[in-house]
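# Coordinate analysis (summary)
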Amino acid sequence: MHLNWTETATASPAKAEPHPRWASRHNNPNRQGGPLTLSALNAADTVVYAATATSDGIDGVEGARRTVAQFRRHRQQLGAPDTLTEAGIVVGGVKGTIMSRAAVASLEELRATGLFLEPLTPDRAVVQKVRISGEWYGLYRKSFRVLDAYTAIAKKVLR
C-alpha cells in the first residue's frame, strides 16, 4: 500500500516526513514548476504573471518568477535556446473602493518589479457569479470594465 505524505502524517505523526520530491522544494507540496508548468514554459514564448493586490499575490508572482528563472537556467545548461519573454504582471480583482494599506503596499511592490501592466483589473461580483454557472462574463454589461481591462492588457502583450 502506497501512502502519501498526508496519510503518513495521519497514521504516524512521529515518523511523518514529506515526500523527497517535496522536501527539495522547501517542504511545500503546493510548489510550482511541476510537469504541466514545465510543459507550458517549453511551449510558450511569453509569460504573463497573474496576481492579486495581496501578500499572497506577491508571493505567487515571486514563486512563478523563480520557476521561470530556474527554467531558463536549465535551458542554458542544456544549450537550448531561451526565447521566453516576461511580458508583465496583471493584477486582478482590484476593489474599486478605497484600498487597504496592505493592497496599496502590494501594488507598490508589484510596480517596483518593472513588469507591472496596467490597467488594473477591477473586482466585479458578476464575474464570480457567471464563472460558477460556466458562462462568459463578457456577455454581461456589469462586467464590461473587466473585459475592457483585459482587452487593453492583451493589446500590450500579444504579438
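Residues numbered from 1 in each chain as written. Predicted model: local features only at pLDDT ≥ 70, side-chain atom pairs only at ≥ 80, totals over all residues. Heavy atoms only, no water.

## Things to note about the pattern of salt bridges
With the rule as written, the count across this model stands at five salt bridges. A salt bridge links Asp 82 to Arg 72, with the nearest nitrogen and oxygen atoms 3.1 Å apart. One end of the pair, Asp 82, is in the loop between helix H4 (55-78) and strand S2 (85-91); the other, Arg 72, is in helix H4, with 10 residues separating them in the sequence. Taking the relative accessible area as the measure of exposure, Asp 82 reaches 32% and is therefore partly exposed. For the salt bridge of Lys 95 with Asp 123, the shortest nitrogen-to-oxygen distance reads 2.8 Å. Of the two residues, Lys 95 sits in the loop between S2 and helix H5 (101-111) while Asp 123 sits in the loop between H5 and helix H6 (125-133), which places them 28 residues apart along the sequence. The network of salt bridges with common partners includes Arg 65, Arg 72, Asp 82 and Glu 86. (Salt bridge = Lys/Arg side-chain N within 4 Å of Asp/Glu carboxyl O. Helix = DSSP H or I, 4+ residues; strand = E, 2+ residues; numbered from the N terminus. Buried < 20%, exposed > 50% of the residue type's maximum accessible area, 1.4 Å probe, protein only.)

## Focus: unusual backbone geometry
Looking along the chain, the bond that leaves Glu 118 and enters Pro 119 is cis, with omega of 15 degrees. With respect to the helices and strands, the residue Pro 119 is situated in the loop between H5 and H6.

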